[in-house]
Amino acid sequence: MSAFFDILLTIGMWEAVLRIATPLIFGTLGVLLCERVGVLNLGIEGIMSFGAMAGWLAVYSGGDLWAGMLAAALAGLMFGLLHALMTVPLGLSQHVTGLGITLFASSLSYYIFRLAVPTSSSPPTVEPFRPLPVPWLSDIPYLGPTLFNQTAPTYLALVLVGMLAWLLYRTPLGLALRMTGENPHAADAQGIDPVRLRIGTIMVGSALMAMGGAFLTLAAFNSFFPTMVQGRGWICVALVVFASWRPGRALLGALLFAFFDAYQLRLQTVVDGVPYQLFLMLPYLLSILALIVMARRARVPHALMQPYRRGER
Amino acid sequence: MTRVLELDGITKRFGSVTANEDVSLHLDRGEILALLGENGAGKTTLMSILFGHYTADAGNVRIEGQLLPPGRPRAAIAAGIGMVHQHFALAPNLSVLDNVMTGTEPLWRLRSDRRAGRAKLLALSEKFGLKVDPDAMVSELSVGECQRLEILKALYNDARILILDEPTAVLTTQEAEGLFNTLRDMAAKGLSLVFISHKLHEVMSASHRVTVLRRGRVVAERRTADTSKEELAELMVGRKVERPSRTDTARGRVLLEGRDLKVGGKGGASLKGASFKVRAGETLGIIGVSGNGQTTLAGLVSGLYPPDSGALLVAGEAPRRHDVPGAIAAGIGRIPEDRNTEGAVAEMTTWENAVLERIWSPEFSSRGVVKRAAARAATEAIIRDYDVRGATVDGRIRLLSGGNMQKLILGRVLTADPSILVAAQPSRGLDEGAIAGVHARLLEARGRGAAVLLISEDLDEVIALSDRIQAIAGGKLSPAIPADRADARLLGLMMAGDWSAARAIAGEGEGEKHHAL
């Protein structure tokens, strides 16, 4: 029995939580931004995959790691623009468009990957982000090695949570974003163009998603393979609901899920005689439970999934 | 007087429809101008052009002599125009202060100055006597408070010209009076106002000058002091309109009776003990300020839910089932309060809407297959007999105006020849011509021997159509008074819950009856 608790006492376990959470944080913040202006972005799964590929390819062909992150972000902006053009000015179904982008971006990323590496059977690797201990803080027992011995993109994700919260709740732009997601007619009546604001926000949100994907190839692993996103995008969509569309709670949700994931991974080695697939299910099951509890109180942006056309209600 | 606003030769077409043709009007400082016209006369289009939501095909707008660039709401706001929309442009999940401050600061500022915003809002609230709580969620506000907030939003943007699009459409009589006091006060403080309306008494009581629009054109301009309700009605509709009045009918047995009905938690306000009787060939008017339980009463009689206690008797018997099919089977025709959400399915066709509630009857389907030909023929007949303009059998009902949608609902209900008719706020939001039509149909149903339960907050309507009147206040029904004893003052008292006078009058009636027996 004590083996269950021993896992919780290892530094590796907690260090893994933050690492596993990082792409989820990026992705969740991306989805959250899009939904805060009233647009569902189910393109996330594909955009993360494309971001993973773009980041890897940029580094593989000689760029440095941050150039890889930048390449992913740019790719995200482009896919965001595509999604935005279809859902905002054209007002197409956000579900269908998003799923279409996921299929398109996933396939395209594998296609480009194969163009770049036509023959190799084992995926070529890059030199990934190394842990970056924060001076002084990383020396704190337990807390130091877990919290302050992460890779740079993880710190960036954590900083982004704070920045996004500040943006949404403390700046005029954030208020305009929230208003657009609640009632675009009201925003328009106050002289804010909901169409432009939605397009811009979806682009930025998609860039965050792609950076989350790039974290997979540039920090968590060191190579690209086509199925590597593995539903993380969908988890992000659920986490946004769990988080009631608030950045702070999104961080909490991502950490919670990552905790379950890290824990089940270690349980597999401790418990004998139970098929490991059951453990793989665990984080998802627990997430559904958490969602049931939290989502009942969730406050959905009022205009989510409603296309805006001037003069029409 | 200084001219603050001038519209010159505005023309706007939507496809083949001309919404505004060569419209010119002006507004002076400190003036209240009423823009009067029926639904569809082009009032809202005109104001949307002024505010930059639409671009005019011809003509221009000048504000204090300066040409306003078309199609840019931001430019209109900067020029001092404030618009209070008919459908509130508010976000329910955000606070009052959030709603007011949106878009008022440079977007790229790193920090919103909430303190300054709050101070400015409170100062305006103080200056114009518009009370608000900056931290309240908009979803918690009453309709009247939302309206106040919309005005404050415009004032916060330093509006000097305020445009109100049918500001009283959703207000109770009392709230509307309060609003007009505010508007007069604002005009006295130097603001200039335009309010759009199709209600004659409002125009007469609140404006300095009236411009009348009909079919997109200006047909007349009058100083309010030099005109009358009658003249304006004729100018607006283009012909003389008279509301029909009630004639005596033979009354039969009691068809609908409520005995101490109580319902909690359904349809908004609770019903805390409602007793009433409606006879065949009789209209019982239920008057009351909205939110006092009348919606619950209408839902109860319509079969949406059973009473918690008390009895609802239909033709002297308690119905076996309290649900909508049961009510339809019992011959209860229903004109719902909110025609857009409960009366019609907006995206479905006219014929589908017309037959939906009787789709299982052998008339319209057999063995689970809809008889389209019969359904369409029945719909054609309704469109023709009830003069539903703009409707085609296969057109979506969403495209109809409120008045025409109401005509279709009336037609749907009355062709089934109901023995009991529940009409909840039947003329809400309709213009003068449409109201006259609705009233005629309700009187016709009564003439055919239906028991009509009329639920309304319009005093004139209730007095004109009802035989007897009860007021609803706090979920309870007052004693019934005969309509010919009713006047605005007495009904006002009854709506406020003071039933002593009503009780005395009702007592007389009882006395006479006993005498007669």
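About the cut-offs
- Residues numbered from 1 in each chain as written.
- Chains lettered and ligands numbered in written order.
- Predicted model: local features only at pLDDT ≥ 70, side-chain atom pairs only at ≥ 80, totals over all residues.
- Heavy atoms only, no water.
- 1 Å grid on protein atoms, 1.4 Å probe; cavity = no way out; pocket = protein on both sides within 12 Å on 5 of 7 lines; lining within 4 Å.
- Points joined across faces, edges and corners; volume = space filled by probe spheres on them.
- Helix = DSSP H or I, 4+ residues; strand = E, 2+ residues; numbered from the N terminus.
- Pairing = 2+ DSSP bridges.
- Phe/Tyr/Trp six-rings, centres within 6.5 Å; stacked < 30°, edge-to-face > 60°.
- Buried < 20%, exposed > 50% of the residue type's maximum accessible area, 1.4 Å probe, protein only.
- Lys NZ or Arg CZ within 6 Å of the ring centre and 35° of its normal.
- Contact = heavy atoms within 4.5 Å.
- Buried area = accessible area lost by both parts, 1.4 Å probe.
- Salt bridge = Lys/Arg side-chain N within 4 Å of Asp/Glu carboxyl O.
- Polar contact = N/O pair within 3.5 Å; in protein donor to acceptor, adjacent residues only side chain to side chain.
- Nonpolar A, V, L, I, M, F, W, Y, C, P; charged D, E, K, R; others polar.
- Core = buried A, V, L, I, M, F, W, Y, C linked by side-chain atoms within 4.5 Å.
- Domains from an automatic or database assignment.
- Axes fitted to C-alpha atoms, helices over the stretch in contact; angles between N-to-C directions.
- Parallel < 35°, antiparallel > 145°, perpendicular 65-115°, else oblique.
- Left-handed = near helix turned anticlockwise from the far one by under 90°.
- pLDDT = per-residue confidence, 0-100.
- Expected span 1.5 Å × (residues − 1).

Visitor: Would you mind going over the layout of surface pockets in detail, with residue names and values included?
Guide: Here the idea is plain: a probe the size of a water molecule rolls over the atoms and shows the empty space left. Residue and element names in this part refer to chain B. Computed from the structure, the second largest pocket encloses a volume of approximately 1,200 Å³. Within the residue set of the lining of the second largest pocket, elements represented by two or more residues are α6 (173–188), α7 (200–206), α8 (229–237), α15 (432–447) and α16 (459–465). For the lining of the second largest pocket, the element with the most residues is α6, which contributes six residues.

Visitor: Can you explain the pairing of strand β1 (residues 3–14) of chain B? Please cite residues and give values.
Guide: All names here are of chain B. Note: β1 against strand β2 (residues 17–28), eight bridges, orientation antiparallel. Bridging from a neighbouring strand, Arg13 pairs with Thr18 of β2. The hairpin turn running from β1 into β2, its antiparallel successor, is two residues long, and Gly15 in that turn takes a positive phi close to 60°.

Visitor: Tell me about the packing of aromatic side chains, and name the residues and values.
Guide: Counted under the stated rule, the structure contains 14 aromatic pairs over all chains. Centroid distance Trp66 of chain A to Phe129 of chain A: 5.1 Å. Interplanar angle 70°. Geometry classified as edge-to-face. Here Phe129 of chain A lies in the loop between α5 (94–116) and α6 (143–147) and Trp66 of chain A lies in helix α4 (residues 65–87), a separation of 63 residues in the sequence. With relative accessibility at 41%, the residue Trp66 of chain A sits in the partly exposed group. Plain terms: the ring middles of Phe257 of chain A and Tyr284 of chain A are 5.6 Å apart, the flat faces sit at 70° to each other, and that makes the pair edge-to-face. You can see Phe257 of chain A sitting in helix α12 (residues 247–270) and its partner Tyr284 of chain A sitting in helix α13 (residues 276–295), a full 27 residues away along the chain. The partly exposed category is assigned to Tyr284 of chain A, whose relative accessible area is 39%. By the ring-pair criterion, three or more aromatic residues cluster together here, those being Trp56, Tyr60, Tyr110, Phe113 and Phe224 of chain A. Taking the ring centre of Tyr156 of chain B as reference, the NZ or CZ of Lys120 of chain B above it sits at 4.7 Å. Positioned above the aromatic ring of Tyr386 of chain B is the side chain of Arg441 of chain B, whose terminal nitrogen or guanidinium carbon lies 3.9 Å from the ring centre.

Visitor: Hey, could you go over the interface of chain B and chain A for me, with residue numbers and the actual values?
Guide: The interface of chain B with chain A comprises 36 residues on the first partner and 24 residues on the second. For the pair chain B and chain A, the summed buried area comes to about 2,500 Å², and 59% of that belongs to carbon and sulfur atoms. Its largest share of buried area at the contact with chain A, chain B owes to Asn93, Thr102 and Leu107 of chain B, together 24% of the area lost on that side. With its nearest N and O atoms 3.8 Å apart, the salt bridge here joins Arg178 of chain A to Asp98 of chain B. Taken together, the links from chain B to chain A amount to ten residue pairs in polar contact (both at pLDDT 80 or more). Among the elements of the structure, α2 (73–78) and α3 (96–101) of chain B are those that each provide at least two residues to the side of chain B that touches chain A. Taken together, the residues of the side of chain B that touches chain A sort by class into 17 nonpolar, twelve polar and seven charged.

Visitor: Residue-level account of the nonpolar core, with values.
Guide: Nonpolar side chains in soluble globular proteins tend to end up buried together. The biggest cluster of nonpolar side chains holds 144 residues, and the ones touching the most others in it are Ile151, Leu155 and Met186 of chain B. For this core, the element with the highest residue contribution is helix α10 (residues 194–220) of chain A, accounting for 14 residues. Excluding residues that lie within four positions of it along the chain, Met186 of chain B makes contacts with Phe128, Ile151, Leu155, Leu162, Leu191 and Leu193 of chain B. Formed by 35 residues, the second largest nonpolar core is a distinct cluster that contains Ala354, Met405, Leu408 and Leu421 of chain B.

Visitor: Please set out the side chain of Gln406 of chain B residue by residue, giving values where relevant.
Guide: Residue and element names in this part refer to chain B. In this structure, Gln406 sits in helix α14 (residues 402–415). Within the local environment of Gln406, its side chain forms a polar contact with the backbone oxygen of Pro426, the two atoms lying 2.6 Å apart. Those residues in contact with Gln406 that sit more than four places away from it in its chain are Ile335, Arg339, Gln425, Pro426, Leu430 and Val438.

Visitor: Report on the pattern of salt bridges, specifying residues and quantitative values.
Guide: All names here are of chain B. For the structure shown, the criterion picks out 37 salt bridges over all chains. Put simply, Glu166 and Lys43 hold a salt bridge, and the shortest N to O gap is 3.6 Å. On the criterion of sequence distance, the pair formed by Glu166 in the loop between β7 (161–165) and α6 and Lys43 in helix α1 (residues 43–51) is long-range, its members being 123 residues apart. Taken individually, Glu166 and Lys43 each receive the classification buried, so the pair is uniform in this respect.

Visitor: Describe the domain arrangement of chain B, and please don't skip the residues or the numbers.
Guide: Taken as a whole, chain B is organised into domain 1 (3–237), domain 2 (252–331 + 420–428 + 448–517) and domain 3 (339–417). Each of domain 1 of chain B and domain 2 of chain B has a C-alpha centre, and these two points are 37 Å apart.

Visitor: Could you give an account of the side chain of Arg178 of chain A, naming the residues involved and the relevant values?
Guide: You can see Arg178 of chain A is positioned in helix α8 (residues 172–182). Those residues in contact with Arg178 of chain A that lie beyond four places of it in its chain are Arg36, Leu168 and Tyr169 of chain A together with Leu94 and Asp98 of chain B.

Visitor: Describe the packing of helix α11 (residues 232–242) of chain A against α13 of chain A, listing the residues and the values that go with them.
Guide: Residue and element names in this part refer to chain A. For the pair α11 and α13, interaxial distance at closest approach is 9 Å and the crossing angle is 30°. It follows that α11 is roughly parallel to α13 by the angle criterion. For the pair α11 and α13, the crossing hand works out as left-handed. Residues Ile235, Ala238, Val241 and Phe242 of α11 form the contact with α13, whose own contacting residues are Tyr284, Ala290, Leu291, Met294 and Ala295. Looking at side-chain class alone, the contact of α11 with α13 contains nine nonpolar, no polar and no charged residues.

Visitor: With reference to specific residues and values, describe the sheet that holds strand β11 (residues 254–263) of chain B.
Guide: Residues and elements named next belong to chain B. Judged by pairing direction, the sheet is antiparallel, and its three strands sit side by side in the order β12-β11-β14 without closing on themselves. Every interior strand has two partners, whereas the edge strands, β12 (271–279) and β14 (309–314), have only one. Sheet twist, expressed as the average angle between the axes of neighbouring strands with direction ignored, equals 10°. Sheet topology note: the β11/β14 ladder contains five bridges and is antiparallel. Counterpart to Arg259 in the pairing with β14 is Ala311. Here helix α9 (residues 294–301) sits on the sheet in contact with β11, β12 and β14, set at roughly 55° to β12.

Visitor: How would you explain the confidence of the model for chain A if you had to name every residue and give the values?
Guide: Predicted confidence across chain A gives a mean pLDDT of 92, with 99% of residues reaching 70 or more. The lowest-confidence element of chain A is helix α1 (residues 2–9) of chain A, averaging 79 in pLDDT; the highest-confidence one is α4 of chain A, averaging 98.

Visitor: Which residues make up α1 of chain B, and what values do they have?
Guide: Residue and element names in this part refer to chain B. Counting buried positions along α1 gives eight out of nine residues, so the element sits mostly inside the fold. Of the residues making up α1, those classed as buried are Lys43, Thr45, Leu46, Met47, Ser48, Ile49, Leu50 and Phe51. Of the residues one or two after α1, Gly52 is the one with positive phi, at around 90°.

Visitor: I'd like a rundown of the environment of Ser138 of chain A, residues and numbers included.
Guide: All names here are of chain A. Among the structural elements, Ser138 can be located in the loop between α5 and α6. C-alpha separation for the pair Ser138 and Phe148, spaced ten residues apart in sequence, amounts to 4.9 Å. Contact partners of Ser138, with chain neighbours within four places excluded, come to Pro133, Gly144, Pro145 and Phe148. At a separation of 2.8 Å, a polar atom in the side chain of Ser138 contacts the main-chain carbonyl oxygen of Val134.

Visitor: How would you sum up the sheet that holds strand β10 (residues 217–223) of chain B? Please name residues and give values.
Guide: All names here are of chain B. Taken in spatial order, the six strands make up an open sheet running β6-β7-β8-β3-β9-β10, and their pairing is mixed. In this open sheet, the two strands that pair with only one neighbour each are β6 (81–84) and β10. On average, each strand axis in the sheet is inclined to that of its neighbour by 20°, with strand direction left out of account. Sheet topology places strand β9 (residues 209–214) next to β10; six bridges connect them, and they run antiparallel. Bridge pairing in β10 places Val212 opposite Ala220. Running at roughly 30° to β9, α8 makes contact with β3 (32–36), β9 and β10 of the sheet.

Visitor: How would you explain helix α5 (residues 143–156) of chain B if you had to name every residue and give the values?
Guide: Residue and element names in this part refer to chain B. For α5, spanning 14 residues, the distance from its first C-alpha to its last is 20 Å, which sits close to the expected 20 Å at 1.5 Å a residue. Buried residues dominate α5, accounting for eleven of its 14 residues. The complete set of buried residues in α5 reads Gly144, Cys146, Gln147, Leu149, Glu150, Ile151, Leu152, Lys153, Ala154, Leu155 and Tyr156. Considering only its buried residues, α5 is in contact with β6, α3, α4 (114–127), β7 and α6. Phi for Asp158, located one or two positions after α5, is positive at around 60°.

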